[in-house]
Amino acid sequence: MDTPLASSGLAHVWSQGDAVTRTVALVLLVMSLATWIIILWKVLDQRAQRLQAKASEGFWHSADFAEGLDKLGAADHNPFRALAVEGREAQRHILHKDGRQAPQLHDSLDVSDWIERCLRRTLDDHVAKAQSGLTVLASIASTAPFVGLFGTVWGIYHALLGIGAAGQVSIDQVAGPIGEALIMTALGLLVAIPAVLGYNALVRGNKAILHKLNRFAHDLHAYFVTGARVSSGADAKVLPMKKA
């Protein structure tokens, strides 16, 4: 006697399905694994960047630039530290503080414009890195329901062929095979829904972090150009330019 698990549901769809049905099921499984791996990876990444954003305020309460870098932390792929280092190197380079003697084309640029370009390039690199994986989530969210629907249509087609070959039709013969075929549509939705929700949440998280990065880059630009952060109160007096 067949057990309920073996006679219905996923086990029966797999055991009774042909190569196309099994391929569709495996594709949905790969999509689901990819979705959860990307979501977990990006959530941990955004969590680390939120902690780095909190540390960026301590940067402006440092005695000098070196101490500020220490407060930002030495973690790899820290966008706030990357901005600070890039701004410092851009300022030193355009003002010939790095020991370079030979003139270069960018020497004709305004110091403010050059530092802004360098900071913007670092921000663009961060945005490209932050968006990695989101395209995969968006693709899974939009295609998974159709992959599941294809499996359903294929399963119903073969179910109807089997019913026709039997020579007689009853509700029991129709409900079972077609209901099992519809499971593929449900699987497609189960894959797509987490991908949609995860994509939207990650996009919101990226926007929040990018806002903090833009604000930090703006303050860095003002500091390297004027020697003070654009702020009121004591914050505008920290980090003397001569120690950058």
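For the structure, see preceding data.
The present account deals with the structure reproduced in this document.

Rules behind the numbers
Residues numbered from 1 in each chain as written. Predicted model: local features only at pLDDT ≥ 70, side-chain atom pairs only at ≥ 80, totals over all residues. Heavy atoms only, no water. Phe/Tyr/Trp six-rings, centres within 6.5 Å; stacked < 30°, edge-to-face > 60°. Helix = DSSP H or I, 4+ residues; strand = E, 2+ residues; numbered from the N terminus. Buried < 20%, exposed > 50% of the residue type's maximum accessible area, 1.4 Å probe, protein only. Arc of directions from axis to C-beta. Polar contact = N/O pair within 3.5 Å; in protein donor to acceptor, adjacent residues only side chain to side chain. Salt bridge = Lys/Arg side-chain N within 4 Å of Asp/Glu carboxyl O. Core = buried A, V, L, I, M, F, W, Y, C linked by side-chain atoms within 4.5 Å. Contact = heavy atoms within 4.5 Å. Axes fitted to C-alpha atoms, helices over the stretch in contact; angles between N-to-C directions. Parallel < 35°, antiparallel > 145°, perpendicular 65-115°, else oblique. Left-handed = near helix turned anticlockwise from the far one by under 90°. Nonpolar A, V, L, I, M, F, W, Y, C, P; charged D, E, K, R; others polar.

### Some words on the packing of aromatic side chains
No. 1: As enumerated under the stated definition, the model contains 11 aromatic pairs in all.
No. 2: For the pair Phe59 and Phe216, a centre-to-centre distance of 5.5 Å together with 75 degrees between the ring planes defines the contact as edge-to-face. Of this pair, Phe59 sits in helix H3 (residues 19-59) while Phe216 sits in helix H8 (residues 171-226); the two residues are 157 residues apart in sequence, bridging distant segments of the chain. Summarising the burial analysis for this pair, Phe59 and Phe216 share the class buried.
No. 3: Through a chain of ring-to-ring contacts, three or more aromatic side chains come together here, namely Phe59, Trp60, Phe65, Phe80, Phe216, Tyr223 and Phe224.

### Notes on helix H4 (residues 65-72)
No. 1: For H4, the full list of buried residues reads Phe65, Gly68, Leu69 and Leu72. Projected onto a plane normal to the axis of H4, the buried residues spread over an arc of 100 degrees and lie on a single side.
No. 2: Between a side-chain oxygen at the N-terminus of H4 and the backbone nitrogen of Ala66 the separation is 3.3 Å; the capping residue is Asp64.
No. 3: In the segment just after H4, Gly73 is the residue with positive phi, at about 95 degrees.

### A word on the pattern of salt bridges
No. 1: Evaluated as defined, the whole model comprises four salt bridges.
No. 2: Between Lys129 and Asp45 there is a salt bridge, with the nearest N and O atoms lying 3.6 Å from each other. Of this pair, Lys129 sits in helix H6 (residues 111-131) while Asp45 is found in helix H3, placing the two residues 84 residues apart along the sequence.
No. 3: Judged by relative accessible area, Lys129 falls into the partly exposed class, the value being 35%.
No. 4: We classify Asp45 as buried; its relative accessible area is 17%.

### Some words on the nonpolar core
No. 1: Counting 22 residues, the largest nonpolar core has Phe59, Phe65, Leu72, Leu83, Ala84, Phe216 and Leu220 as the members making the most contacts within it.
No. 2: Of all the secondary-structure elements, those providing two or more residues to this core are H3, H4, helix H5 (79-94), H6 and H8.
No. 3: When residues in this core are grouped by element, the largest group, seven residues, is from H8.
No. 4: Here Leu220 is in contact with Phe59, Trp60, Leu83, Ala84 and Leu119, once residues within four sequence places are set aside.
No. 5: In terms of nonpolar packing, the next biggest core, distinct from the first, is built from 16 residues, Leu134, Leu137, Ala141 and Val191 among them.

### Here we look at the packing of H3 against H4
No. 1: Interaxial distance between H3 and H4 falls to 8 Å at its minimum, and their mutual angle equals 160 degrees. Judged on the interaxial angle alone, H4 and H3 are roughly antiparallel. Crossing hand, H3 versus H4: right-handed. Here Ala55, Ser56, Gly58 and Phe59 of H3 lie close against H4, whose contacting residues are Phe65, Gly68, Leu69, Lys71 and Leu72.
No. 2: A per-class count over the contact of H3 with H4 returns five nonpolar, three polar and one charged.

### Some points on the environment of Trp41
No. 1: For Trp41, the position within the fold is in helix H3.
No. 2: Contacts of Trp41, omitting those with residues within four sequence positions, involve Ser132 and Gly133.

### A short note on the side chain of Asn78
No. 1: Within the fold, Asn78 resides in the loop between H4 and H5.
No. 2: With a relative accessible area of 5%, Asn78 lands in the buried category.
No. 3: Among the polar contacts made by the side chain of Asn78, one reaches the main-chain amide nitrogen of Phe80 at a distance of 3.0 Å.
No. 4: If we ignore the near neighbours within four places in the chain, the residues touching Asn78 are Gln52, Leu72 and Gly73.

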